[in-house]
Amino acid sequence: MSREQAKPHASRILAPTPETYRAAADLLQAGEVVAFPTETVYGLGADATNDRAAARIFETKGRPSFNPLIVHFEHLEAAAREVEVNPWAEALAKAFWPGPLTMVLPRRDDSRISLLCSAGLPTLAVRVPRHEIGQSLLRAAQRPLAAPSANASGKISPTSAAHVAASLGDRVPMILDGGDCEVGLESTVIDLSGSQPVILRPGGITRSQLESVLGSVEEAGAGSDIKSPGMMTSHYAPSLPIRLGATDVEANEALLAFGPDPIKGAAITENLSPNGDLAEAAANLFNLLHSLDREKLAGIAVMPVPQKGLGIAINDRLVRAAAPRD
């Protein structure tokens, strides 16, 4: 199948059926990209063993080539054919796979995965998704899938098929529609390639959950080398500037609120969780940023979110979204 044949004039948002899985597998095997839901956010999938397919991801997203890609597998055994699985990884896989956890592990010397997915590093970021559509697509494609979030690089991550279409448009030949994502926040990324487990990106699995399995874990500091997706300073950014820790709001600002007492006076208000539920807030984060990112407003004011549990991951995304743009 040629690229011209594979890519129509507009993205196709399709329900998952045996027929659409076969069509998606054909596209992936031809080196094309397919967007699909996981429990975290929608991913932009491509054949991880194909250099040109991996390059299509970078091209489609406008993604910097030094930012690695997460590779998705059907199960731990499939991942173990490409990376060196140590006892830490075995323990975490038993506890959290399939699920929203990505592990950075040393590449095997005989790994088939494109070096573009590692962005020149001796490690590979690997995950086993829990979502039924993601699992079904992996089985249909019969190959591991590199799949960063299905949005233009640096922009708000997509938690619905409509978000994917709005961000990437006709650059994606097929979007498998699985409704809204359950977690709504990217996977936690933990580096297991060194002498100590290090959280590179907070996400759907909290530090306390990881420590319940591994004991003490560290967190990557500011300015750390980019060893996984989501470590760039300016990331997940809407078009409007973001003002964090807001205790007041201007009439020409949008407000991203949290808790039962949102600040009054904003041009438009969305609440991450009126009840102060951090899981609900995580699931709503990107969807509400999309909703508030409107023309003719001065910016988005964000009320404080507690720095605990999933709030750590939420605040990480908000800090990156508010960082100065290049």
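Residues numbered from 1 in each chain as written. Predicted model: local features only at pLDDT ≥ 70, side-chain atom pairs only at ≥ 80, totals over all residues. Heavy atoms only, no water.

Enquirer: Looking at this structure, how should I read the overall build of the chain?
Expert: Along the backbone of the chain there are 11 helices and 15 strands. Across the 326 residues in the chain, those meeting the buried criterion constitute 55%. Sequence separation of at least 24 residues holds for 68% of the intrachain contacts in the chain that already meet a minimum separation of 6. Split by element, the accessible area of the chain, about 13400 Å² in all, is 50% carbon and sulfur. (Helix = DSSP H or I, 4+ residues; strand = E, 2+ residues; numbered from the N terminus. Buried < 20%, exposed > 50% of the residue type's maximum accessible area, 1.4 Å probe, protein only. Contact = heavy atoms within 4.5 Å. Areas by Shrake-Rupley, 256 points an atom, 1.4 Å probe, with all protein chains shown as cover.)

Enquirer: Got a minute to help me understand the environment of L115 in this structure?
Expert: Inspection of the secondary structure assignment puts L115 in helix 6 (residues 115-118). The class for L115 is exposed, based on a relative accessible area of 58%. Taking the C-alpha atoms as reference points, L115 and T49, separated by 66 residues in sequence, lie 8.8 Å from one another. Not counting chain neighbours up to four residues away, the residues in contact with L115 comprise D51, R107 and G120.

Enquirer: Hey, could you run me through the side chain of E39 in this one?
Expert: Looking at the element boundaries, E39 is found in the loop between strand 2 (34-37) and strand 3 (42-47). Within the structure, the side chain of E39 is placed 2.9 Å from the backbone nitrogen of R130, a separation counted as a polar contact. Within polar-contact distance, the side chain of E39 engages the backbone nitrogen of H131 at 3.1 Å. (Polar contact = N/O pair within 3.5 Å; in protein donor to acceptor, adjacent residues only side chain to side chain.)

Enquirer: Sorry, what's going on with the nonpolar core here?
Expert: Generally speaking, soluble globular proteins have nonpolar side chains that are buried together. Membership of the largest hydrophobic core comes to 45 residues, with the highest contact counts inside it found for L92, L101, M103, C117 and I190. Mapped by element, the contributors of at least two residues to this core are strand 3, helix 3 (51-61), helix 4 (76-80), helix 5 (87-96), strand 5 (101-106), strand 6 (123-127), helix 8 (161-168) and helix 9 (207-214). Those residues within four positions of L92 in sequence are excluded, and the remaining contacts are W97, L101, M103, I190, L192, L210, V213 and L214. (Core = buried A, V, L, I, M, F, W, Y, C linked by side-chain atoms within 4.5 Å.)

Enquirer: Please explain unusual backbone geometry as it appears in this structure.
Expert: For residues that are not glycine, phi is negative in most cases, and the peptide bond is trans in most cases. Omega for the peptide link from W97 to P98 comes to -5 degrees, which places this bond in the cis form. Turning to its location among the elements, P98 is positioned in the loop between helix 5 and strand 5. One non-glycine residue with positive phi stands out, namely K296, at about 70 degrees. Residue placement: K296 occurs in the loop between helix 10 (278-292) and strand 15 (299-302).

Enquirer: In this structure, what is going on with the packing of helix 10 against helix 11 (residues 310-322)? I would like to understand it.
Expert: The relative placement of two packed helices comes down to the angle between their axes together with the axis-to-axis distance. Two elements in contact, helix 10 and helix 11, have axes whose closest approach is 9 Å; the angle formed by their N-to-C orientations is 25 degrees. In terms of their interaxial angle, helix 10 and helix 11 are classed as roughly parallel. The crossing of helix 10 and helix 11 is left-handed. Between helix 10 and helix 11, the contacting residues are L278, A279, A281, A282, L285 and F286 on the first element and L310, G311, I314, R317 and L318 on the second. By residue class, the composition of the contact of helix 10 with helix 11 is nine nonpolar, one polar and one charged. (Axes fitted to C-alpha atoms, helices over the stretch in contact; angles between N-to-C directions. Parallel < 35°, antiparallel > 145°, perpendicular 65-115°, else oblique. Left-handed = near helix turned anticlockwise from the far one by under 90°. Nonpolar A, V, L, I, M, F, W, Y, C, P; charged D, E, K, R; others polar.)

Enquirer: Please explain the pairing of strand 13 (residues 253-257) as it appears in this structure.
Expert: The element strand 13 is largely enclosed, with a buried count of five among its five residues. Of the two faces of strand 13, the one holding E253, L255 and A257 and the one holding A254 and L256 are both buried throughout. When strand 13 meets strand 15, the two strands line up parallel, connected through four bridges. Bridge pairing in strand 15 links E253 to G299. (Pairing = 2+ DSSP bridges.)

Enquirer: Help me out: how do you make sense of the packing of helix 2 (residues 18-29) against helix 7 (residues 132-141) in this one?
Expert: Running from N to C, helix 2 and helix 7 point in directions that differ by 60 degrees, and their axes come no closer than 9 Å. When the axis of helix 2 is compared with that of helix 7, the two are oblique. The way helix 2 lies across helix 7 gives a crossing that is right-handed. Of helix 7, the residues touching helix 2 (which contributes Y21, A24, A25, L28 and Q29) are E132, I133, S136, L137, A140 and A141.

Enquirer: Could you clarify how one ought to interpret the pattern of salt bridges in this entry?
Expert: Per the stated rule, a full pass over the model turns up 15 salt bridges. E32 serves as the salt-bridge partner of R56, at 2.8 Å between the closest nitrogen and oxygen. In this pair, R56 is assigned in helix 3 and E32 in the loop between helix 2 and strand 2, connecting sequence segments 24 residues apart. For the residue pair R56 and E32, the accessibility class agrees, reading buried in each case. Through salt bridges with shared partners, a single ionic network connects E186, D316, R317 and R320. (Salt bridge = Lys/Arg side-chain N within 4 Å of Asp/Glu carboxyl O.)

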